[in-house]
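# Residue-level structural notes
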Amino acid sequence: MPTMTTRAGQAPDGHGEPQSATRQRARSLLRTGFGLIGPRHARHSVPVEQLDALALPIGDDGVVIGVDSDGRPAVLGVNRPTPYDILLIGGLWTAQVMALRAAATGARVAVETGRPQAWLQMVHAMGGGQNGLAVYEVGRVPPQGASAGTPVLVVRDCGMRPPRGRVVSGPWQSVLTLLPYLSPVAPRLIRQARLVGVQRISPDEAVELGRAMALPLADVEALPTLADGVTLWCADRDRRYVMTQPTDAEIGLLGTPRRMD
């Protein structure tokens, strides 16, 4: 093994540089205002075959709405610089979990609903509407002033035939429309939405929805059998089944997953 030679009385610092030279350089940096030199460590290397182990299981920034069939986190990016409309044909429980998690990421949530009593518990739990979630009557949602620093999620819980909203999606303002079942307005909302979520529906509804969304037969047959908390999310040609798993705090506030309200 080759030896490293230095001047007499000068031990190397681990990088082939005499300690006296290191101290002199540190004093020079301090005089110029760059502060202390941090610890110096040997470089770390990873074999090529181990690079996949460094991959993160999250594919985007946003709200974790559950896990997919492979157990990977399913992330929904609701805070976007472009208009984004979401349609959920399903239960109130899932919409409320999404609202809670959006608020936890820093978004303000405005709920337009004909059943405000169903949202009051959430409002009280979050500080009386002053900390990220406010409830309005149908047609009474004021302009939200969304921006990159204060993104907004508008949740429209307006029944089977929601009227056209006064507050629509825009930059940094996404709109989530909840339909408990298919209705005559569903085709229009499906065409308008960038993302559609479908929970358990009847076989007849599944056939009708399959035609409207060009779903494969396997998905049409699966929709009437979905368990509580499972949603088929569809965006363009991408389809993914997601199980929403509540935290202990969410169970304490909203109860366990359920399709029926």
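Here we come to the pairing of strand β4 (residues 108-113). For β4, the tally of buried residues reaches 5 of 6 residues, placing the bulk of the element in the interior. Direction of pairing for β4 relative to strand β6 (residues 152-157): parallel, over a ladder of 6 bridges. For Ala110, the partnering residue across the bridge sits in β6 and is Val154. Alignment of β4 against strand β5 (residues 133-136), held across 4 bridges, turns out to be parallel. When the sheet's bridge partners are listed, Glu112 is paired in β5 with Tyr136.

Another point: empty space enclosed by the protein. Throughout the structure, instances matching the rule amount to 3 cavities of 30 Å³ or more. There is about 50 Å³ of room inside the largest cavity. Forming the boundary of the largest cavity are Asp85, Ile86, Leu87, Val175, Thr177, Leu189, Gln192 and Ala193. Counting residues per element, the ones that place at least two in the lining of the largest cavity are β3 (84-89), β7 (173-179) and α4 (186-192). Ranked by residues supplied to the lining of the largest cavity, first place goes to β3 with 3 residues. Per-class residue counts for the lining of the largest cavity are 5 nonpolar, 2 polar and 1 charged.

Judged by which residues are buried, strand β8 (residues 195-198) turns out to be covered on both faces: Leu195 and Gly197 on one side and Val196 and Val198 on the other are all buried. Inspection of the sheet shows β3 paired to β8 by 4 bridges, in the parallel sense. When the bridges of β8 are listed, Ile89 appears paired with Val198.

Attention shifts here to the layout of surface pockets. When its volume is computed, the second largest pocket comes out at roughly 210 Å³. Taken together, 14 residues line the second largest pocket, and the ones lying closest to its centre are Val196, Met213, Cys234, Ala235 and Asp236. Elements with a minimum of two residues in the lining of the second largest pocket: β8, α5 (203-213) and β9 (230-235). Here the lining of the second largest pocket is composed, by residue class, of 11 nonpolar, no polar and 3 charged.

On to the environment of Val207, then. Assignment of secondary structure puts Val207 in helix α5. Note: C-alpha distance between Val207 and Glu221 (14 residues apart in sequence) is 8.3 Å.

What helix α3 (residues 117-125) keeps buried is the set Trp119, Met122 and Val123. Mapping the buried residues of α3 onto a view down its axis gives an arc of 105 degrees, with all of them on the same face. For α3, exposure combined with an orientation more than 90 degrees from the buried face picks out Gln117, His124 and Ala125. For α3, the secondary structure elements touched by its buried residues are α2 (92-104), β4, β5, β6 and α7 (248-254). Gly127, located one to two residues past α3, shows a positive phi value of around 95 degrees.

Parameters and conventions
Residues numbered from 1 in each chain as written. Predicted model: local features only at pLDDT ≥ 70, side-chain atom pairs only at ≥ 80, totals over all residues. Heavy atoms only, no water. Buried < 20%, exposed > 50% of the residue type's maximum accessible area, 1.4 Å probe, protein only. Helix = DSSP H or I, 4+ residues; strand = E, 2+ residues; numbered from the N terminus. Pairing = 2+ DSSP bridges. 1 Å grid on protein atoms, 1.4 Å probe; cavity = no way out; pocket = protein on both sides within 12 Å on 5 of 7 lines; lining within 4 Å. Points joined across faces, edges and corners; volume = space filled by probe spheres on them. Nonpolar A, V, L, I, M, F, W, Y, C, P; charged D, E, K, R; others polar. Arc of directions from axis to C-beta. Contact = heavy atoms within 4.5 Å.

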